[in-house]
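# Reading the structure
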Amino acid sequence: MKPRTAEGYDLYCKGRHCQDRSGRAADKDIYDLSPEEMRGVPSLPASLDEALRALENDHAFMTKGDVFTEEIIETWIDYKMTNEVDAIRLRPHPHEFAMYYDI
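Conventions and cut-offs
Residues numbered from 1 in each chain as written. Predicted model: local features only at pLDDT ≥ 70, side-chain atom pairs only at ≥ 80, totals over all residues. Heavy atoms only, no water. Helix = DSSP H or I, 4+ residues; strand = E, 2+ residues; numbered from the N terminus. Buried < 20%, exposed > 50% of the residue type's maximum accessible area, 1.4 Å probe, protein only. Contact = heavy atoms within 4.5 Å. Areas by Shrake-Rupley, 256 points an atom, 1.4 Å probe, with all protein chains shown as cover. Patch = residues over 30% accessible without salt bridge, like charges linked within 9 Å, V, L, I, M, F, W, Y side chains within 5 Å. Salt bridge = Lys/Arg side-chain N within 4 Å of Asp/Glu carboxyl O.

### A word on the overall build of the protein chain
- Looking only at helices and strands, one finds 5 helices and 2 strands in the protein chain.
- Ordered by position in the sequence, the α and β elements of the protein chain form the string β-β-α-α-α-α-α.
- Every one of the 103 residues in the protein chain was classed for burial, and the buried ones make up 18%.
- Restricting the contact set of the protein chain to residue pairs at least 6 apart, pairs at least 24 apart contribute 29%.
- Of the roughly 8,500 Å² of accessible surface on the protein chain, a fraction of 55% belongs to carbon and sulfur atoms.

Now the structure itself:
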């Protein structure tokens, strides 16, 4: 769900700058939006796992024009989940070492 201006335009925001579907700058500062309006502002995935799940749920744009096949996308997501996401999840992050083992 995307936030709507008073005029009813869909907003796409990057940082403090928002624009409507036509590319015109929105007349609102993203930091001035109410909590209700902010719920509709799309955000980027915070991790590789979230990004892959978002891609898994919405990748029709990648299959248009036979750019990628469903099989290639599914294989790539599976590879990344198995070889990168799971590998990182099973190991402590360097920051954890700094927090707990740095004496």
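From this point, the discussion proceeds with the structure in view.
### Comments concerning a nonpolar patch on the surface
- Taken together, the side chains of Phe 97, Met 99, Tyr 100 and Tyr 101 present a nonpolar region at the surface, about 520 Å² in accessible area.
- A relative accessible area of 60% places Tyr 101 in the exposed class.

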